Amino acid sequence: MSGARARVEPFYAVEINRLANERSRRGLPVIHMEVGQPSAGAPRAAIEAGHLALAGAEQGYWESSALKERIAALYGERYRLRPGPAQVILSMGASGALLLVLAVLFEPGSRVALPRPGYPAHRNVLRALGLVPQELDCGPETRFQPTAAMIAALDPPPAGLILTSPSNPTGTMLERGELDALAAVCKARGIRIISDETYHGITFGRRAHSMHEFEPDAVVINSFSKYWCMTGWRLGWAMVPVDLVDAMNRYSANMFLAPPTLAQHVALVAMDQQAELEEHVATYAKNRELLVAALQGLGITRRAPADGAFYIYADISHLTGDSLAWCRQLLDATGVALNTGRDFDSIHGGDFIRVSFAVSTPEILQAIDLLGGWLHCRNDS
Ligand SMILES: Cc1ncc(COP(=O)(O)O)c(C=O)c1O
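These numbers come from a predicted model, not from an experiment.

Colleague: Kindly report on the overall build of the protein, identifying the contributing residues and their values.
Modeller: When its secondary structure is counted, the protein shows 12 helices and 12 strands. In terms of C-alpha radius of gyration, the protein reaches 21 Å, essentially the compact-globule figure of 21 Å for 381 residues. Expressed as lengths along the three principal axes of its C-alpha atoms, the size of the protein is roughly 65 × 55 × 50 Å. When each of the 381 residues of the protein is scored for burial, the buried share is 54%. Element-wise, carbon and sulfur atoms account for 54% of the exposed surface of the protein, whose accessible area totals about 16200 Å².

Below you can see the structure in the form of structure tokens.
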């Protein structure tokens, strides 16, 4: 018999992805806009470096000091910060970093606040570690992001706050002044900030700021999965204050022994392939523009602004009250796979869909045609 801890919430994106893959196996076309991963792979030169490393380098447990130095340097390039390489803790994706950070920072039973809608693993990993998620209801009036006033009103204050900018699922970002105000209220109230910066590098016309610029005691997590297009390589990192380095390294050694060796060789080269990576960001920007215009034309007008990441979070409550069933029907009728908002918001998510636009532009155009045709048919019937 399994206990309460075995009752983990479903990940609907994975379920829709399974249905989409079944459809592919039956020889039917699918456009995958349900999962949050770039359709492009790691940069070409990085893959070549991977081949060389497979042929020449040892593949034992290993941590690349060159990669830690390169990541520390990235904080200089992007944010004019000067962290030491020791503050970079390499991990199995941002997912691994999140697990390590939460295990190091909080005693079981501690409350940690986080926005709803938000990335479901934040909430579910908190629960898995015996921590208590305190969801902040964030709607369109605050661009689906928490505000300093919301944090000031929490009584008693939580032990921690998880922020995600750009956000999954909404793509909305916290501006410099908002990050500064959140940092100040958290400092004053003794709340530790965990800033999930997994989508940094993918922004449209604005610059993402790291929480480290405002609060050196914040813990930042990041990943090679999104900007560097390396989802399956399972590599990310936490950037932690100096006083947490030893504890993070000890937990990391106990939980994972070492980050994936081959992925570290590949990531080091990927970090200097800016031109190729920026082409992907330019594609996302074009896809975003096409999709926003098409959704507007189809009457799907209440959408989060999508400042960054590669998602559009749209309110479809005028079309359905059950966006999971709606996504299944759309997939069945057209092969366009989208995700329900229920993954991100257990209360209002049935009114929302999340559309990933990290696919090719021809796929976006085809998906727009198929969605438009399907909606017209439904209106007519
Ligand atoms: C906000 C956010 N954080 C973390 C992750 C985990 O990414 P990974 O473990 O692939 O680095 C994701 C993946 O979609 C995400 O959207």
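Colleague: So, the packing of helix 2 (residues 44-56) against helix 9 (residues 261-270): which residues are in play, and what are the values?
Modeller: The contact between helix 2 and helix 9 brings their axes to 8 Å, and the two run at 145°. The hand of the helix 2/helix 9 crossing is right-handed. Across from Ala 45, Ala 46, Ala 49, Gly 50, Ala 53 and Leu 54 in helix 2, the residues of helix 9 making contact are Leu 262, His 265, Val 266, Val 269 and Ala 270. Considering only residue class, the contact of helix 2 with helix 9 consists of nine nonpolar, two polar and no charged.

Colleague: Would you mind going over the pairing of strand 12 (residues 352-356) in detail, with residue names and values included?
Modeller: By the criterion of burial, strand 12 is predominantly enclosed, with five of the five residues buried. Along strand 12, one buried face is formed by Phe 352, Arg 354 and Ser 356 and the opposite face, lined by Ile 353 and Val 355, is buried too. Of the strand pairs in this sheet, strand 9 (residues 311-315) and strand 12 are connected by five bridges, and their pairing is antiparallel. Across the sheet, Ile 312 pairs through a bridge with Val 355, a residue of strand 12.

Colleague: How would you sum up the side chain of Ser 64? Please name residues and give values.
Modeller: Here Ser 64 lies in the loop between helix 2 and helix 3 (65-79). Since its relative accessible area comes to 2%, Ser 64 is described here as buried. For Ser 64, the side chain forms a polar contact with the main-chain nitrogen of Leu 67, separated by 2.9 Å. Not counting chain neighbours up to four residues away, the residues in contact with Ser 64 comprise Leu 90 and Gln 264.

Reading the values: rules and limits
Residues numbered from 1 in each chain as written. Predicted model: local features only at pLDDT ≥ 70, side-chain atom pairs only at ≥ 80, totals over all residues. Heavy atoms only, no water. Helix = DSSP H or I, 4+ residues; strand = E, 2+ residues; numbered from the N terminus. Rg over C-alpha atoms; globule rule 2.2 N^0.38 Å. Buried < 20%, exposed > 50% of the residue type's maximum accessible area, 1.4 Å probe, protein only. Areas by Shrake-Rupley, 256 points an atom, 1.4 Å probe, with all protein chains shown as cover. Axes fitted to C-alpha atoms, helices over the stretch in contact; angles between N-to-C directions. Left-handed = near helix turned anticlockwise from the far one by under 90°. Contact = heavy atoms within 4.5 Å. Nonpolar A, V, L, I, M, F, W, Y, C, P; charged D, E, K, R; others polar. Pairing = 2+ DSSP bridges. Polar contact = N/O pair within 3.5 Å; in protein donor to acceptor, adjacent residues only side chain to side chain.

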